[in-house]
Amino acid sequence: MAEWFEEWFGEEYLQLYPHRDDADAERAVALIRRTLPWRSGWRTLDVGCGAGRHARALEAEGARPFGLDLSARLLRRARSVTGAPLIRADMRALPVRPRSMDLTVNLFTSFGYFDRDDEHAAVLAEMAATVRPGGWLVLDFLHAGTVRRGLVPGERRFAEGATASRRLSPDGRFVCKSIRLDDGRRFEERVRLFEPAELEVMLAAAGVRVTHRFGDYEGGALESGSSRTVLMGEVA
């Protein structure tokens, strides 16, 4: 049986989330550039690159990005916006030479998709292994507390031709979003609600020392009520 993300991240996803635009990606990349000891020409792996908006922003800042995603449809869209090499692969087994990157990024909640926490920990270890000693890993994830507090019961219209409802899984560990299109098709999103401290523990186990923590793309502090969890760390 296909996992939910294998079915969902295609043209329907792009049509229903038009707000995930270039300006948003540029803000995230600008935060990375001004925080890290940025160098033009940095080899940068964008894990979960989707339609390529972050790869394009990285290119504009002088990086040499490589995009990686499981969705062939999103990679085709990415080819139209970036000249970066693109790789189709599962993030649980990255086909990238160890210690070959200056920076590896995982942006806009392209994480937390699997059933077991050992799979999530293994993904972070895979990403860290691609980075040279002294290089950097950036994880941009949802803020679990903010998501929990913002859940509203019932369906709502969230895009032309689609309604959605969000709920917690019975064990409270996942946020689940059921999407119903007007033509009858249904999709499911399911993301593990990792707290910032849990992410830091997994990153430390992968050999990443977190040195910068932000709660939004403007560089605000990571705190209760933050919109994002942005962690930047140096790889041992």
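This report concerns the structure included in the present document. (Residues numbered from 1 in each chain as written. Predicted model: local features only at pLDDT ≥ 70, side-chain atom pairs only at ≥ 80, totals over all residues. Heavy atoms only, no water.)

**Looking at the sheet that holds strand β4 (residues 101-106)**
Point 1. The sheet built from seven strands is open, its strands ordered β3-β2-β1-β4-β5-β11-β10 with mixed pairing. Looking at strand neighbours, the two that pair on one side only are β3 (86-88) and β10 (208-214), the edges of this open sheet. Strand-to-strand, the axes of this sheet are offset by a mean angle of 20°, without reference to chain direction.
Point 2. Two strands pair when backbone bridges link them, and β4 and strand β5 (residues 131-142) are joined in this way by five bridges, in the parallel orientation. (Pairing = 2+ DSSP bridges. Helix = DSSP H or I, 4+ residues; strand = E, 2+ residues; numbered from the N terminus. Axes fitted to C-alpha atoms, helices over the stretch in contact; angles between N-to-C directions.)

**Some remarks on the packing of aromatic side chains**
Point 1. By the definition in use, this model includes six aromatic pairs.
Point 2. Where Phe 5 meets Phe 114, the ring centres are 5.5 Å apart and the plane angle is 85°; that geometry is what we call edge-to-face. Taken together, the positions of Phe 5 in helix α1 (residues 4-8) and Phe 114 in the loop between β4 and α6 (117-129) put the pair 109 residues apart, joining distant regions of the chain. Considered together, Phe 5 and Phe 114 belong to a single accessibility category, that of buried residues. (Phe/Tyr/Trp six-rings, centres within 6.5 Å; stacked < 30°, edge-to-face > 60°. Buried < 20%, exposed > 50% of the residue type's maximum accessible area, 1.4 Å probe, protein only.)

**Quick word on the sheet that holds strand β6 (residues 156-159)**
Point 1. One open sheet accounts for four strands, arranged β6-β7-β8-β9; its pairing is antiparallel. The sheet is open, and its two edges are formed by β6 and β9 (186-192), each paired on a single side. Each adjacent strand pair in this sheet contributes to an overall mean axis angle of 30°, direction not counted.
Point 2. Where strand β8 (residues 174-181) and β9 come together, seven bridges link them in antiparallel fashion. Within β9, the position partnered with Ser 178 by the bridge is Glu 188.

**Side note on the packing of helix α3 (residues 22-35) against helix α4 (residues 53-60)**
For any two helices packed against each other, one specifies the crossing angle of their axes together with the interaxial distance.
Point 1. Where α3 meets α4, the axes come as close as 9 Å, and the angle between the chain directions of the two elements is 55°. What the angle tells us is that α3 and α4 run oblique. Of the two possible hands of crossing, α3 and α4 adopt the one that is right-handed. Along the contact surface, α3 presents Asp 22, Asp 24, Ala 25, Glu 26, Ala 28 and Val 29, while α4 presents Arg 53, His 54, Arg 56, Ala 57 and Leu 58.
Point 2. Taken together, the residues of the contact of α3 with α4 break down into five nonpolar, one polar and five charged. (Parallel < 35°, antiparallel > 145°, perpendicular 65-115°, else oblique. Left-handed = near helix turned anticlockwise from the far one by under 90°. Contact = heavy atoms within 4.5 Å. Nonpolar A, V, L, I, M, F, W, Y, C, P; charged D, E, K, R; others polar.)

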